[in-house]
Protein chains: 2
Amino acid sequence: MTDSDLRYEGGKVRLHVEGPLRAGETVLLEDGQAHYLLRVMRAKPGDRVSLFNGSDGEWLARVAGVAKRSCTLACERQTVPQTSVPDLWLCFAPIKKTPADYVVQKATELGVRVLQPVFTRRTIVTRVNLERMRANAVEAAEQSDRLDVPECRAPLGFDKLLAQWPKDRTLIFCDEGGAPSFAEAALPDGPAAIFTGPEGGFDPAEREALRALSFVTPVSLGPRILRADTAALAALTLWQSIRGDWR
Amino acid sequence: MTDSDLRYEGGKVRLHVEGPLRAGETVLLEDGQAHYLLRVMRAKPGDRVSLFNGSDGEWLARVAGVAKRSCTLACERQTVPQTSVPDLWLCFAPIKKTPADYVVQKATELGVRVLQPVFTRRTIVTRVNLERMRANAVEAAEQSDRLDVPECRAPLGFDKLLAQWPKDRTLIFCDEGGAPSFAEAALPDGPAAIFTGPEGGFDPAEREALRALSFVTPVSLGPRILRADTAALAALTLWQSIRGDWR
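Below is a summary of the structure that appears in this document.

Conventions we followed
- Residues numbered from 1 in each chain as written.
- Chains lettered and ligands numbered in written order.
- Predicted model: local features only at pLDDT ≥ 70, side-chain atom pairs only at ≥ 80, totals over all residues.
- Heavy atoms only, no water.
- 1 Å grid on protein atoms, 1.4 Å probe; cavity = no way out; pocket = protein on both sides within 12 Å on 5 of 7 lines; lining within 4 Å.
- Points joined across faces, edges and corners; volume = space filled by probe spheres on them.
- Helix = DSSP H or I, 4+ residues; strand = E, 2+ residues; numbered from the N terminus.
- Nonpolar A, V, L, I, M, F, W, Y, C, P; charged D, E, K, R; others polar.
- Pairing = 2+ DSSP bridges.
- Axes fitted to C-alpha atoms, helices over the stretch in contact; angles between N-to-C directions.
- Contact = heavy atoms within 4.5 Å.
- Patch = residues over 30% accessible without salt bridge, like charges linked within 9 Å, V, L, I, M, F, W, Y side chains within 5 Å.
- Areas by Shrake-Rupley, 256 points an atom, 1.4 Å probe, with all protein chains shown as cover.
- Salt bridge = Lys/Arg side-chain N within 4 Å of Asp/Glu carboxyl O.
- Lys, Arg positive; Asp, Glu negative; His and termini not counted.
- Charge placed at Lys NZ, Arg CZ, Asp CG, Glu CD.
- Buried < 20%, exposed > 50% of the residue type's maximum accessible area, 1.4 Å probe, protein only.
- Buried area = accessible area lost by both parts, 1.4 Å probe.
- Polar contact = N/O pair within 3.5 Å; in protein donor to acceptor, adjacent residues only side chain to side chain.

### Quick word on empty space enclosed by the protein
Counted according to the given criterion, the structure contains five cavities of 30 Å³ or more. A volume near 60 Å³ is recorded for the largest cavity. Together, Lys106(A), Leu110(A), Thr230(A), Leu233(A), Ala234(A), Thr237(A), Leu110(B), Thr230(B), Leu233(B), Ala234(B) and Thr237(B) line the largest cavity. When residues of the lining of the largest cavity are traced back to their parent elements, those giving at least two are α2 (97-110) and α6 (228-242) of chain A together with α6 (228-242) of chain B. For the lining of the largest cavity, the residue count by class is six nonpolar, four polar and one charged. The computed volume of the second largest cavity comes to approximately 50 Å³. In terms of lining, the second largest cavity is formed by Ser241(A), Trp246(A), Arg247(A), Ser181(B), Phe182(B), Ala183(B), Ser220(B), Leu221(B), Gly222(B) and Leu238(B).

### Observations regarding the sheet that holds strand β4 (residues 26-29) of chain A
Residues and elements named next belong to chain A. What the five strands build is an open sheet, ordered β3-β5-β6-β7-β4; its pairing is mixed. Looking at which strands have only one partner, the edges of the open sheet turn out to be β3 (14-16) and β4. For this sheet the average axis-to-axis angle between neighbouring strands, irrespective of direction, equals 40°. Judged from the four bridges that link them, β4 and strand β7 (residues 71-80) form a sheet pairing that is antiparallel. The partner of Thr26 across the bridge, within β7, is Ala74. The strands touched by helix α3 (residues 130-143) are β3 and β5 (48-52); relative to β3, the strand with the most contacts, the crossing angle is about 145°.

### As for a positive patch on the surface
Residues and elements named next belong to chain B. A surface patch of positive charge is lined by Arg39, Arg42, Lys44, Lys68 and Arg69. Along the chain, the position of Arg42 falls in the loop between α1 (31-40) and β5 (48-52). On the accessibility criterion, Arg42 (60% relative accessible area) is exposed.

### Observations regarding the interface of chain B and chain A
Taken together, the 41 residues of chain B in the interface contact 40 residues of chain A. When chain B packs against chain A, close to 3,400 Å² is buried across both sides, 53% of that on carbon and sulfur atoms. The tally of links from chain B across to chain A stands at six salt bridges. Put simply, chain B and chain A have 21 residue pairs in polar contact (both at pLDDT 80 or more) between them.

### Quick word on the side chain of Thr108(A)
Checked against the element boundaries, Thr108(A) lands in helix α2. Judged by relative accessible area, which is 0%, Thr108(A) ranks as buried. When residues no more than four places from it in sequence are discounted, the contact partners of Thr108(A) are Leu115(A), Ala137(A), Ala140(A), Ala141(A), Ser144(A), Arg146(A), Pro150(A) and Arg224(B).

That is the geometry; function is a separate question.
Structure, rendered in structure tokens:
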């Protein structure tokens, strides 16, 4: 039996698991997670890893049994109580694969609760791989010390998103056509969502529709043209700094 | 002769060129730029593109002559006078290829003047491809409506960076070990630089050395662990919003 924390260059190994976490519980890892722990990290019985499941906080667990394609972990004790990120969603027009992966990863690190793809008029991408989104979000949550994984929702059309919008949630729409800056915009406290357009931006009719809604606040992100993925990350950063948990 | 603006999904085609731009000037494009214009954009004589060189503003030019591997453009008139981005540098520990490309691209969009790689104790990457950095910066400047390209400097060691630091430039160091938030930190006006560490963060001795310097201001970027590239982009965004040209 070894007795050391498994670490990689970015910190200690943390894994998101689905089942309950409590003292004495045994967790079975298979597939990608087992491969990562056994082959990439070369885990041996006794090695310590951290586990979280989105509701039971973070737990210290030890590698117990090791098989060819799976391994078991024994939960020892809770090391961090459960916390959540601020009530912020990201609604985004789906973009090409690599920038989309990046948005999901970064939005998770910056701290969003919900990732909501939205098809707009100028959206070029025609389908969203939710499984891939979810895998990226899990990996980013593991590496960012989060204790939950953002909810990856199925895509909605622009009109449907607005029709079923919860009115108490401010929709902060990144408007390239001139709007107050994030700091100047009178952003209310409470639940919020950032909405960013596709590569070609929002259509004029979409901008008009958004600006007519009482729950929408348009904001500008400076004088340069930002790519869709950059705009999403900049807006999330500014919200966390002004209304979120970076204060 | 056609008579239309060349456009791609993200907007009009803008190219960075090296030579002077003035009425009547002919600009020769070769290699990658000629390939892009002729093969990717299928430019025809008469098509309009925008040119900038970092000092003469933006110019409207027309495709004049077309050969197999090159083409010439005729400058017509200045459409935007020269502007610059705020006096902000990014000093960053070099990171793996893909995140590094991303940092260069995003930092250019967010508006930095200088990109300065810095080797720190925990830096894993051992060399920096300056030509690749420069190519990424040019492409990002073309697509973000910038009229200049950030200067890509040769890497420096941590000690050398600090020894030759211009004392009137605030060095904002992203400290994972606890510091005031960006909004709370008393950031002075005037020239500034963001400094972000490698995947494994700054070494304790480096943090101590930084904190002892009069021109250094430590800041925190929220309660979650951000990857090196995310930290750089979040810090640039916050500086632009608080002290830069997003106000």
